[in-house]
Structure formats: structure tokens, C-alpha cells
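Structural characterization, general
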Amino acid sequence: MLKLPSSSNATGADISSPKALIENHRRFLGASSSRLKISICRRNAAVSWEAYSSASSSAPIVAEPQGKDAAAAGFEKSVADRLRQGSLTEDGLSYKEKFIVRCYEVGINKTATVETIANLLQSVGFSTDGFATTTTMRKLHLIWVTARMHIEIYKYPAWSDVVEIETWCQSEGRIGTRRDWILKDYATQEVIGRATSKWVMMNQDTRRLEKVSDDVREEYLVFCPREPRLAFPEEKNGSLKKFAKLEDPAQYSRQGLVSMPQEIIDTHELETITLDYRRECQHDDVVDSLTSPEPFEDTKLSELNGSNGSAAAAAEGNEDYCQFLHLLRLSGDGLEINRGRTEWRKKQTRYANHSV
């Protein structure tokens, strides 16, 4: 599915400008240039990227160009860059960063909220311009916009836990790209969650979708894994499941964004969320939120015993497990903003181990 461009300078950046090359790499993978140790070579007009590793595993992973390389790159390390605990992986095709769960990021049970998890994914996944754009995209005023997001959380990290998140991008057909994430407990290296997303290209001025051109594809493929790598490699995994139509009136309907019944929030925790985006929502728009329970498919509970790692898999029946369909729409004309599905498990004190 992925084919690397034959040109060794497919980024479109001037090979004589280390600063431009650093900026391209940082923008797409979400890494800060100050976290890279760059080795600029003239051999075959190639540039090698090397992740910096600290001697102490507990110390922040901070890297910088050395000597002439630093001067050539126009390198200035900020305080934030010194404290950031992140780096490119050894092959330079994915990025890892560590986060400590703060007291204000947890709920009443002292575990991170789903908002915290989503914010961490966004923090790792997006670069400073917010859209991981390439050189050609910026010239043409093109941006990436989310078309679909799927998150599965097997174990919520607790207050003061350290979470390590790895992310990478790759091609997704002819019309878009995708970004995947793996979340781990840094102390145990246990996989505690996974996520995947699909993105399509939009013209920032006209707000119309556009096909990914060969020029753009060649620019970003150099930052992608050489072979397809999926956070959810299983067949028929939850990220692929389509949405049924949510009938109106729904069982739960409120104006605003909060629509889950309180009795579910009190007794259950969110395990999986999938969102399909249909249109933009502007700042002043009034939004209606509709929610109804979604009946289980006959094979649903048996599938939970698979490799996706649901904590509810051991439940006999579905009394400890429930799922809902969601719809956000504009109050005025009823146009859909997005559709969603959430799956909830009974709150438990112990979690099963999960791995990729």
C-alpha cells in the first residue's frame, strides 16, 4: 500500500537548508525540532535522522544539534523543549512522548478522564501548525481534517502514572491519510489503549474536500512506515464498524454536548468511542445531542473475547456492558454534524493485561 518516492529529496525542502528539513519532519510527525539529533550528510544528498537517547531512562529525552549543525539549523532550545519527554523512534518514522497524569486530569476515582486521554492523543499527534501539513499543502492552503476517530481504552491511568504514547502516520488510499496511536503504562510497558483516525484533505479557503495529489503524497510518504502498520491489525475490529441510523426522537435528547444518562456515568466507564464527522460546527452554532442505546449483535459478546482486549469480555451476558449511538446536529436546520458510537463497561477495580 505504501510506495516510497524514488527522489531522495521528496520533502520538497532545500537540501542545503537543515532548518527547513527539520521543520518538515517536525510538522508531520508532531515532534519538536529541539528533540532531534540531526546528522546532516552530503552522501548522495541524503539526510539522516537519529533519535537521541538519554543515559538515564527516567530523565527527560531531550536532543539537540551539536556544533556547526546547531548553528546551521538556527537552533534555540526553549524551556518547554528542555522539559518535554519525547523523541523520534530509532527509525525516525514514529514519535513517542511520555506524560505524567496530573491531579486535575483525573475524576473522582483518581483515574484519568476520557477528555484527558483525548487531549494527550491530540498533543502527541499534531504539530505546531495544528494540521501536520507539507510544503505543497501550505502553498496551496490545504489542510487535513478528521473524518473518523476511534479510541479504545483498556485501562485508565491513575493519578501520577506515567503514560507513553507512540504515534505514526501513513497513507490511506487516494483520498486521505491516517494516524494511529499506542498508549502504554510506561512503568510496566502494558498496552492500556489504542486509537486510529482517518483524515481527508480540505482547502482552507473554500472548505471543500480535495484529492491528495502525487506531489503531496510524495512529500509525506517519506515520514511514514515502509510497510503498513496498524494500531488495530485484527480483521473486523471495532474501528471499522459502521453506524446504524439513530431514530428521532432518541431515548436521550438534550441541547448541548452532554447527553449520556447520569446512571450510566455513575456506574460505567467509557471503553470505546468512534466518531464519524459529516460537517463543520462553528463557534456560535447551537447543537442538539441525541443518544439511544444500541442493541448488541448476536456475535458481539463472543467477539469481545478477541484481541481487542475489552475488560467486559468475561461478563456473562451484557448486564455489565452497554453501547449507545449518538448524533450531533444543528438545532436550526437539523443537519448532521457527526455520528458516534460509545461502548461502556462496568467500573471495576482490576483490569486485565492487554497487548498489541
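Heads up: these notes are all about the structure in this document. (Residues numbered from 1 in each chain as written. Predicted model: local features only at pLDDT ≥ 70, side-chain atom pairs only at ≥ 80, totals over all residues. Heavy atoms only, no water.)

1. Examining the overall build of the chain
What the chain contains, in helices and strands, is eight helices and 14 strands. For the chain, with 356 residues in total, the buried portion stands at 47%. A fraction of 73% describes how many contacts in the chain between residues 6 or more apart in sequence connect residues 24 or more apart. On the chain, roughly 18,600 Å² of surface is accessible, and the fraction owed to carbon and sulfur atoms is 50%. (Helix = DSSP H or I, 4+ residues; strand = E, 2+ residues; numbered from the N terminus. Buried < 20%, exposed > 50% of the residue type's maximum accessible area, 1.4 Å probe, protein only. Contact = heavy atoms within 4.5 Å. Areas by Shrake-Rupley, 256 points an atom, 1.4 Å probe, with all protein chains shown as cover.)

2. Some remarks on the pattern of salt bridges
Per the counting criterion, the structure on display carries 15 salt bridges. A salt bridge links Arg194 to Glu234; the nearest nitrogen and oxygen atoms lie 3.1 Å apart. One end of the pair, Arg194, is in strand 8 (residues 190–203); the other, Glu234, is in the loop between helix 6 (214–221) and strand 10 (252–255), with 40 residues separating them in the sequence. Neither residue differs from the other here; Arg194 and Glu234 are each classed as buried. Here Glu271 and Arg345 are joined by a salt bridge, their closest N and O atoms 3.0 Å apart. Here Arg345 lies in strand 14 (residues 336–346) and Glu271 lies in strand 11 (residues 268–277), a separation of 74 residues in the sequence. Exposure remark for Arg345: the relative accessible area of 1% places this residue in the buried category. Members of the salt-bridge network, linked through shared partners, are Glu172, Arg178, Asp180 and Lys198. (Salt bridge = Lys/Arg side-chain N within 4 Å of Asp/Glu carboxyl O.)

3. Comments concerning the packing of aromatic side chains
All chains considered together, the criterion is met by two aromatic pairs. Note on Trp144 and Tyr220: the rings are 5.8 Å apart at their centroids and 85° apart in plane angle, and the pair reads as edge-to-face. Here Trp144, found in strand 5 (residues 142–153), pairs with Tyr220, found in helix 6; they are 76 residues apart in sequence, far enough to count as distant. Each of the two residues, Trp144 as well as Tyr220, counts as buried. Across from the ring centre of Trp168, 3.6 Å away, lies the NZ or CZ of Arg229, which sits over that ring. (Phe/Tyr/Trp six-rings, centres within 6.5 Å; stacked < 30°, edge-to-face > 60°. Lys NZ or Arg CZ within 6 Å of the ring centre and 35° of its normal.)

4. Description of the nonpolar core
Of all hydrophobic cores here, the largest spans 27 residues; its most connected members are Ile117, Leu121, Ile151, Ile165 and Trp344. Going through the elements one at a time, strand 4 (95–100), helix 4 (114–125), strand 5, strand 6 (162–172), strand 7 (176–185), strand 8, strand 11 and strand 13 (321–330) are the ones with two or more residues in this core. Excluding residues within four positions of it along the chain, Ile117 makes contact with Ala112, Ile153, Tyr156, Pro157 and Leu183. Of all hydrophobic cores here, the second largest spans 11 residues; its members include Met137, Trp144, Val212 and Leu221. (Core = buried A, V, L, I, M, F, W, Y, C linked by side-chain atoms within 4.5 Å.)

5. Points about the pairing of strand 4
The side chains of a regular strand alternate, residue by residue, between the two faces of the sheet. Taken together, the three bridges between strand 3 (residues 86–88) and strand 4 define a ladder with antiparallel strand orientation. Across the sheet, Ser87 pairs through a bridge with Lys96, a residue of strand 4. With six bridges connecting them, strand 4 and strand 6 associate as antiparallel partners. The partner of Lys98 across the bridge, within strand 6, is Glu164. (Pairing = 2+ DSSP bridges.)

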